[in-house]
Amino acid sequence: MNRLAGAICTIFAAASIGTWAQFETSTSRTTVQEIERYREALADGNPAELWEARGEALWKEKRGPKGATLEQCDLGRGPGVVKGAYAQLPKYFADTNKVEDLESRLVTCMVTLQGFTPEQAKKDPFGGPGKKSNIEALVAYVTAASRGAPMNVSITHPREEEAYEIGKRIFFHRGGPHDFSCASCHGLDNQRIRLQDLPNLTRTADAQRAYTSWPAYRVSQGEVRSFQWRLYDCFRQQRFPELEFTSDASVALTMFLAKNANGGVFNAPSIKR
Amino acid sequence: MSDPMKIRATMAGDKVEVKVLMSHEMETGQRKDSKGATVPAWFIQNVTATHNGKTVLSAEWGPAVSKNPFLSFRFAGGKPGDKVIITWTDNKGDKRTDEATIS
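Residues numbered from 1 in each chain as written. Chains lettered and ligands numbered in written order. Predicted model: local features only at pLDDT ≥ 70, side-chain atom pairs only at ≥ 80, totals over all residues.

Caption draft 1: Layout of the overall build of chain B. Within chain B one finds zero helices and seven strands. When the elements of chain B are put in sequence order from the N terminus, they spell out β-β-β-β-β-β-β. Its C-alpha atoms give chain B principal-axis dimensions of roughly 55 × 20 × 20 Å. Per-residue burial over chain B gives 23% buried out of 103 residues. In chain B, of all internal contacts separated by at least 6 residues, the share reaching a separation of at least 24 is 53%. (Helix = DSSP H or I, 4+ residues; strand = E, 2+ residues; numbered from the N terminus. Buried ≥ 20, exposed ≤ 12 C-beta atoms within 10 Å, placed from the backbone. Contact = placed C-beta atoms within 7 Å.)

Encoded structure:
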């Protein structure tokens, strides 16, 4: 009797594994399609527009001890030129003798033009419940002005080339309690985290598609997230030490990823789950 | 004081299509903060849209509506150049009115 029950159980288990395998392949395909459908449905009313509007108001508002606006801020295409600026960042700036991404450049402008201290300018880099981030609003405004522009990041200056090489080293560096590198998840095809497909950032097409879709409005968080946030959270997920906002390491990694996206058409702020 | 709404009003055939983005926390009253205290409910309760003094949409909302809500609707009888006025009131009595011109 016991043997019979055992045999039945085995048959049952084998049958259910079979159906499960079938079930999984058919749902995983439709899940991807369903997520795409969801994104399309949301794209029309992307709340990132609210951040863009707030960012534009902040850009033109007289703030800080010097009571100045950011309208003379040089984002790399000359003072006050916002259009298309993000598609060429990060880049080397002679005035600070540093390679800067958008967020670090905004901090520089808030310090030099508006007279904030670096600590004040970097306060609340990311929004959360009950606190709005000025940086994320400004990022939404500036990046929206590059929508449709092809990514064109140069590494002609030695400092830019250096940042790119450091960024590459960080991308492939394995460490932390999980012995992870960025490449552990983003250096292989068809990887995913939960239901999200992960781009293989060593492939040009994936790198372009991924980089040009940030910043993004995260529906689950109700916030616009900047690229600095994206890297910060990747570091957290890897259980790496906290990535310091606008640090040289964060800019170098951004440089590596932005340069690899060259030729891709920038299309953000986008909307994500 | 809340941030302004983003309103787009365009002709879609003989009807006016209105798309509104509102900036609001839309707290359900079910969440707890990091100290374990309940975050009080705070959400938009009433939304009205008027065109030439006539109400074309009136809605009662609750805490099930998402943060930063998006509202899209169509109504008949509008023409380019007319104004559409949207007003929301939340459960704390805060109010916001914005308008857009139909294009």
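The rest of the description comes next.
Caption draft 2: Local environment of the overall build of chain A. Broken down by element type, chain A carries ten helices and seven strands. Of all 273 residues assigned to chain A, the portion counted as buried reaches 36%. Expressed as a percentage of contacts within chain A between residues at least 6 apart in sequence, the contacts between residues at least 24 apart total 67%.

Caption draft 3: Geometry of the interface of chain A and chain B. Contacts between the two partners involve seven residues from chain A, matched on the other side by ten residues from chain B. Counted by class, the side of chain A that touches chain B contains three nonpolar, two polar and two charged residues. (Nonpolar A, V, L, I, M, F, W, Y, C, P; charged D, E, K, R; others polar.)

Caption draft 4: Just the sheet that holds strand β2 (residues 15–21) of chain B, in detail. Residues and elements named next belong to chain B. Read across the open sheet, the three strands follow the order β1-β2-β5; overall the sheet is antiparallel. The sheet is open, and its two edges are formed by β1 (6–12) and β5 (70–76), each paired on a single side. Here the average twist between neighbouring strands, direction ignored, is 15°. Relative to β2, β1 runs antiparallel, the two sharing seven bridges. Considered in β2, the bridge of Lys-6 is made with Leu-21. (Pairing = 2+ DSSP bridges. Axes fitted to C-alpha atoms, helices over the stretch in contact; angles between N-to-C directions.)

Caption draft 5: Spotlight on the environment of A:Glu223. With respect to the helices, strands and loops of the structure, A:Glu223 is situated in strand β6 (residues 223–225). A sequence separation of 74 residues divides A:Glu223 from A:Ala149, and the C-alpha atoms of the two residues are 24 Å apart.

Caption draft 6: Broad picture of the confidence of the model for chain A. Here chain A averages 86 in pLDDT, while 89% of its residues score no lower than 70. Contacts for the low-pLDDT stretch residues 4–25 of chain A, under 50 throughout, to residues beyond four places or in other chains number zero contacts. (pLDDT = per-residue confidence, 0-100.)

Caption draft 7: Expanded view of the nonpolar core. Residue and element names in this part refer to chain A. Residues Leu-138, Ala-140, Val-142, Tyr-211, Met-255, Leu-257 and Ala-258 are the most contacted members of the largest nonpolar core, which totals 73 residues. If you tally residues by element for this core, the top one is helix α5 (residues 134–144), at eight residues. Once residues lying within four places of it in the same chain are set aside, the contact partners of Ala-140 are Ala-48, Trp-51, Glu-52, Gly-55, Pro-215, Val-224 and Pro-269. (Core = buried A, V, L, I, M, F, W, Y, C linked by C-beta atoms within 7 Å.)

Caption draft 8: Structural context of the sheet that holds strand β7 (residues 270–272) of chain A. All names here are of chain A. With respect to topology, three strands assemble into an open sheet ordered β6-β5-β7, the strand pairing being mixed. The open sheet is flanked by β6 and β7, the only strands paired with a single partner. Going from strand to strand, the sheet's axes swing by 35° on average, the running direction of each strand aside. The sheet contact formed by strand β5 (residues 216–218) and β6 spans three bridges and is antiparallel. Residue pairing in the sheet places Ala-216 in a bridge with Arg-225 of β6.

Caption draft 9: Quick look at the packing of helix α2 (residues 48–59) of chain A against α5(A). All names here are of chain A. One can describe the packing of α2 onto α5 by two numbers: an axis separation of 7 Å at closest approach and a directional angle of 100°. Judged by the inter-axis angle, α2 sits roughly perpendicular to α5. On α5, the residues that touch Ala-48, Trp-51, Glu-52, Arg-54, Gly-55, Glu-56, Leu-58 and Trp-59 of α2 are Asn-134, Glu-136, Ala-137, Leu-138, Ala-140, Tyr-141 and Ala-144. Considering only residue class, the contact of α2 with α5 consists of nine nonpolar, two polar and four charged. (Parallel < 35°, antiparallel > 145°, perpendicular 65-115°, else oblique.)

Caption draft 10: Expanded view of the pairing of strand β3 (residues 44–51) of chain B. Residues and elements named next belong to chain B. Note that β3 and strand β6 (residues 83–90) share seven bridges and pair antiparallel. Residue pairing across strands places Asn-46 opposite Thr-89, the latter belonging to β6. Pairing geometry for β3 and strand β4 (residues 54–60), over six bridges, is antiparallel. In the sheet register, Asn-46 faces β4, and the bridge partner there is Glu-60.

Caption draft 11: Representation of helix α10 (residues 248–260) of chain A in the model. Residue and element names in this part refer to chain A. Relative to the 18 Å expected for 13 residues at 1.5 Å per residue, α10 spans 18 Å between its end C-alpha atoms, a close match to the ideal helical length. Most of α10 sits out of view: eleven of its 13 residues are buried. When α10 is considered as a whole, its buried residues turn out to be Ser-250, Val-251, Ala-252, Leu-253, Thr-254, Met-255, Phe-256, Leu-257, Ala-258, Lys-259 and Asn-260. The inward-facing, buried residues of α10 abut β2 (98–100), α3 (102–112), α6 (158–172), α8 (204–211) and α9 (227–237). (Expected span 1.5 Å × (residues − 1).)

Caption draft 12: Seen up close, the environment of A:Arg54. Residue and element names in this part refer to chain A. Mapped onto the fold, Arg-54 is located in helix α2. Residue Arg-54 is classed as buried on the basis of its 21 C-beta neighbours within 10 Å. Along the sequence, Arg-54 and Ala-140 sit 86 residues apart, while their C-alpha atoms lie 8.8 Å from each other.

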